[in-house]
Amino acid sequence: MRDEGGTATVAEHDPFAGAPLAAFAPMSESQREVWLACAMDPDLNIGFNEGINLDLSGPLDIEVLRRSLQHLIERHESLRMTFSPNGTWMCILEHLALDLPVLELADAGAFNDLCESAMRRRFDLVAGPLLNLVLVRRDPLHYNLLFVAHHLVCDGWSFAVLLTELGELYSAGVDQRDARLDAAPKYTDYAMVERGFLDAAEGQEQERFWLDRLHDPPPVLDIPSDRPRPAHRRFE
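Comments concerning the environment of Asp 55
Line of reasoning, step 1. Of note, Asp 55 is situated in strand 2 (residues 49-57).
Line of reasoning, step 2. Put simply, Asp 55 and Trp 89 are 34 residues apart on the chain and 36 Å apart in space, counted from C-alpha to C-alpha.
Line of reasoning, step 3. Those residues in contact with Asp 55 that lie beyond four places of it in its chain are His 142, Tyr 143 and Asn 144.
Line of reasoning, step 4. Polar contacts involving the side chain of Asp 55 include one to the side chain of His 142, which spans 2.8 Å.

In structure tokens:
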């Protein structure tokens, strides 16, 4: 929800039935595209999973890491984001407690199976959360942090930002100092600016142009494939 100045306002309750919300705003057009693809083909949901495997060598303070990850979640509203059942609103949870299980797993094959399983997790876009973190202790001085999130809330560029900030937050925690981080930008601000443009005369004119330009679909290209394709696409 926005006030007359266009800034996000605190929602008194969750209009979509769930955990209390800090704010909500219209989904961006790129989010609508991804949401629609997932709605049309549920198997495609896991195709939008983004993940990193962070290899950590040396002594690790797990509690400092846990606090640093929780701080990331509190800083970035996208990591606390879920979506309305009809795919029109992004809902920013007021609070999302970090769940960081620590697994003992020295066997390489078992670790690879865990990574594959994490990447194939099907996220509930309405109930959330849309991220999953697991810390794996390979030996006393070797850990792996698995961080998987849905593309609706995180992408490759976002992971680069998150890793940079995680490094600063962890270092600050170990050194017992304040982290040197500027305030995080809000995706809801971007979505509201985009919505304002699309609702304005220029945005509507551009929409009419493309609807007219793409009124007649292009012919289907009959290109031979390297092997027979199944009638139903699968993500395996």
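With respect to helix 2 (residues 62-75)
Line of reasoning, step 1. Over its 14 residues, helix 2 runs 20 Å from end to end, which matches the ideal 20 Å to within 8%, given 1.5 Å per residue.
Line of reasoning, step 2. Within helix 2, burial applies to Ile 62, Val 64, Leu 65, Ser 68, Leu 69, Gln 70, Leu 72, Ile 73 and Arg 75.
Line of reasoning, step 3. Elements that come into contact with the buried residues of helix 2 comprise strand 5 (102-104), strand 6 (131-139), strand 7 (142-150) and helix 4 (156-175).
Line of reasoning, step 4. Taking the backbone nitrogen of Glu 63 as reference, a side-chain oxygen 3.2 Å away marks Asp 61 as the first, capping residue of helix 2.

Thoughts on the pattern of salt bridges
Line of reasoning, step 1. Within this structure, the stated rule accounts for nine salt bridges.
Line of reasoning, step 2. For Arg 32, the salt bridge identified is with Glu 29, shortest N-O distance 3.5 Å. Residue Arg 32 and its partner Glu 29 are located together in helix 1 (residues 29-40), separated by three residues, close to a single helical turn.
Line of reasoning, step 3. The class of Arg 32 is partly exposed, set by a relative accessible area of 28%.
Line of reasoning, step 4. Residue classification places Glu 29 among the partly exposed residues on the basis of a relative accessible area of 35%.
Line of reasoning, step 5. Close ionic contact of Glu 165 with Arg 75 constitutes a salt bridge, the shortest N to O distance being 2.9 Å. Here Glu 165, found in helix 4, pairs with Arg 75, found in helix 2; they are 90 residues apart in sequence, far enough to count as distant. Take Glu 165 and Arg 75: they sit in the same class, and that class is buried.
Line of reasoning, step 6. A cluster of three or more residues bridged by salt bridges with shared partners is formed by Glu 29, Arg 32, Arg 195 and Asp 199.

Considerations on the side chain of Gln 70
Line of reasoning, step 1. Summarising the element assignment, Gln 70 is placed in helix 2.
Line of reasoning, step 2. Judged by relative accessible area, which is 16%, Gln 70 ranks as buried.
Line of reasoning, step 3. Residue contacts for Gln 70: discarding those within four places in its chain leaves His 95, Leu 96, Ala 97 and Leu 98.

What to know about the nonpolar core
Line of reasoning, step 1. Of all hydrophobic cores here, the largest spans 45 residues; its most connected members are Leu 69, Phe 83, Leu 131, Leu 133, Leu 135, Leu 145 and Val 153.
Line of reasoning, step 2. Those elements that place two or more of their residues in this core are strand 1 (21-26), helix 1, helix 2, strand 3 (81-83), strand 4 (89-93), strand 6, strand 7 and helix 4.
Line of reasoning, step 3. Not counting the four nearest positions on each side in its chain, Leu 135 is found in contact with Leu 56, Leu 60, Ile 62, Leu 65, Leu 100, Pro 101, Val 102, Leu 103, Tyr 143, Asn 144 and Leu 145.
Line of reasoning, step 4. Counting seven residues, the second largest nonpolar core, distinct from the first, contains Leu 105, Phe 111, Leu 114 and Cys 115.

A few points about the pairing of strand 1
Line of reasoning, step 1. Most of strand 1 is tucked away, with five of its six residues classed as buried.
Line of reasoning, step 2. Across five bridges, strand 1 lies against strand 4 in antiparallel orientation. Along strand 4, the bridge assignment pairs Phe 24 with Cys 91.

Cut-off values and rules
Residues numbered from 1 in each chain as written. Predicted model: local features only at pLDDT ≥ 70, side-chain atom pairs only at ≥ 80, totals over all residues. Heavy atoms only, no water. Helix = DSSP H or I, 4+ residues; strand = E, 2+ residues; numbered from the N terminus. Contact = heavy atoms within 4.5 Å. Polar contact = N/O pair within 3.5 Å; in protein donor to acceptor, adjacent residues only side chain to side chain. Expected span 1.5 Å × (residues − 1). Buried < 20%, exposed > 50% of the residue type's maximum accessible area, 1.4 Å probe, protein only. Salt bridge = Lys/Arg side-chain N within 4 Å of Asp/Glu carboxyl O. Core = buried A, V, L, I, M, F, W, Y, C linked by side-chain atoms within 4.5 Å. Pairing = 2+ DSSP bridges.

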